[in-house]
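Each chain, written out:
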Amino acid sequence: METRTVHANGINLHVVVDGFGPTILLLHGFPDTHHLWRHVAPPLVAEGFRVVMFDQRGYGQSDAPAEVNAYAIDKIASDAIEVLNALGISEKVKLVGHDWGSFIGWYLCLNYPERFERFVAVSVGHPLAYRNAGPEQMLKAWYIIMFQIPGLAEWLFSSNNFHALRKLSKDPEDQSARVNAFSPKGRLTAALNWYRANFGKFGTSDFGKCVVPTMGIYSTDDVALTEKQMVDSAKYMNAEWKYVRIENSTHWIPLDQPEQLSDEILKWFRKS
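The following refers to the structure shown. (Residues numbered from 1 in each chain as written. Predicted model: local features only at pLDDT ≥ 70, side-chain atom pairs only at ≥ 80, totals over all residues. Heavy atoms only, no water.)

Things to note about empty space enclosed by the protein
Phase 1 of the analysis: Tallying each qualifying case throughout the model produces 1 cavity of 30 Å³ or more.
Phase 2 of the analysis: Estimated volume of the largest cavity: approximately 50 Å³.
Phase 3 of the analysis: For the largest cavity, the full set of lining residues is Pro 31, Asp 32, Thr 33, His 35, Leu 36, Asp 174, Ala 177, Arg 178 and Ala 181.
Phase 4 of the analysis: Taken together, the residues that form the lining of the largest cavity break down as 4 nonpolar, 2 polar and 3 charged. (1 Å grid on protein atoms, 1.4 Å probe; cavity = no way out; pocket = protein on both sides within 12 Å on 5 of 7 lines; lining within 4 Å. Points joined across faces, edges and corners; volume = space filled by probe spheres on them. Nonpolar A, V, L, I, M, F, W, Y, C, P; charged D, E, K, R; others polar.)

The structure is reproduced here in structure tokens:
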């Protein structure tokens, strides 16, 4: 396993590379770092893939710009392209994203389709499917409105020794990792700025039909997302589409069901 710092778009990004072979790029979401993939990556490496993970801007050991607009989706997506360029990866890669990483993955496949061979969208469906998923999805997304209020979300997450943040995982290791990541001044705000900089951008003109073969994975116990927003992603595909439903998992499938997730990823990527 190799760690390195990549300078991209004026900031430094912490990158981890493991294995040899065709490249799989893994993108985490909120409130995680590349640490999210620690149980998913090893089976992929064992099957002959090179896995690239990095702490996205504002997270982990990567830089966290103070400006809200530094977290606009086009800038975040450009980081991923610059990481691939810095590693000398010019061939099409396989892509996996979870949560915000899935949203960024859709943006990448729609705007840089020449760079990606296959995509696995974990939890978050196509942005247009999300936007049009109806009242149930709107109710489940209540927290996004709360995140828009500067200071309120930071206080709710950090109060009582980060009690609310700890409740997002049952794993003490993940709880500690998240608290450690968000304890430094400005770090929690940086993560929340992803929501603030991109509020209302789901379903904008940046999102059309996807031409990269995609598998969508949804978990039955997801409190933030409906199954409809994933299933309906098929309407916005101009390429092969597959849907997988995972039982007995919260929103954090890479933590709750890593073996099944890695198995589904490998089956999908072996088709190419």
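Details of a nonpolar patch on the surface
Phase 1 of the analysis: Side chains of Ile 149, Leu 152, Trp 155 and Leu 156 sit close together on the surface and give an oily, nonpolar patch of about 360 Å² of accessible area.
Phase 2 of the analysis: Here Trp 155 is to be found in helix H7 (residues 152-166). (Patch = residues over 30% accessible without salt bridge, like charges linked within 9 Å, V, L, I, M, F, W, Y side chains within 5 Å. Areas by Shrake-Rupley, 256 points an atom, 1.4 Å probe, with all protein chains shown as cover. Salt bridge = Lys/Arg side-chain N within 4 Å of Asp/Glu carboxyl O. Helix = DSSP H or I, 4+ residues; strand = E, 2+ residues; numbered from the N terminus.)

Considering the packing of helix H2 (residues 73-86) against helix H3 (residues 100-111)
Phase 1 of the analysis: The N-to-C vectors of H2 and H3 enclose an angle of 80°; their axes lie 10 Å apart at closest approach. Here H2 is positioned roughly perpendicular relative to H3, judged by the angle of their axes. For the pair H2 and H3, contact is made by Ile 73, Asp 74, Ile 76, Ala 77, Ala 80 and Ile 81 and by Phe 103, Ile 104, Tyr 107 and Leu 108, respectively.
Phase 2 of the analysis: A class-by-class count of the residues in the contact of H2 with H3 yields 9 nonpolar, no polar and 1 charged. (Axes fitted to C-alpha atoms, helices over the stretch in contact; angles between N-to-C directions. Parallel < 35°, antiparallel > 145°, perpendicular 65-115°, else oblique. Contact = heavy atoms within 4.5 Å.)

A short note on the nonpolar core
Phase 1 of the analysis: With 67 residues, the main nonpolar core has Leu 25, Phe 30, Ile 104, Leu 108, Phe 116 and Phe 147 as its most contacted residues.
Phase 2 of the analysis: Looking at this core, the element that brings in the most residues is H3, giving 8 residues.
Phase 3 of the analysis: Not counting chain neighbours up to four residues away, the residues in contact with Phe 116 comprise Leu 25, Ile 81, Leu 84, Lys 92, Val 93, Leu 95, Leu 108, Cys 109 and Val 212.
Phase 4 of the analysis: Among the nonpolar cores identified, the runner-up in size contains 26 residues, and Ile 24, Leu 26, Val 120 and Val 244 belong to it. (Core = buried A, V, L, I, M, F, W, Y, C linked by side-chain atoms within 4.5 Å. Buried < 20%, exposed > 50% of the residue type's maximum accessible area, 1.4 Å probe, protein only.)

As for the state of the cysteines
Phase 1 of the analysis: Inspection of the entire model under this criterion finds 0 disulfides.
Phase 2 of the analysis: Cys 109 takes part in no disulfide bond, and the closest cysteine sulfur, belonging to Cys 210, lies 4.9 Å away.
Phase 3 of the analysis: Here Cys 109 falls in the buried class, since its relative accessible area comes to 1%. (Disulfide = S-S within 2.5 Å.)

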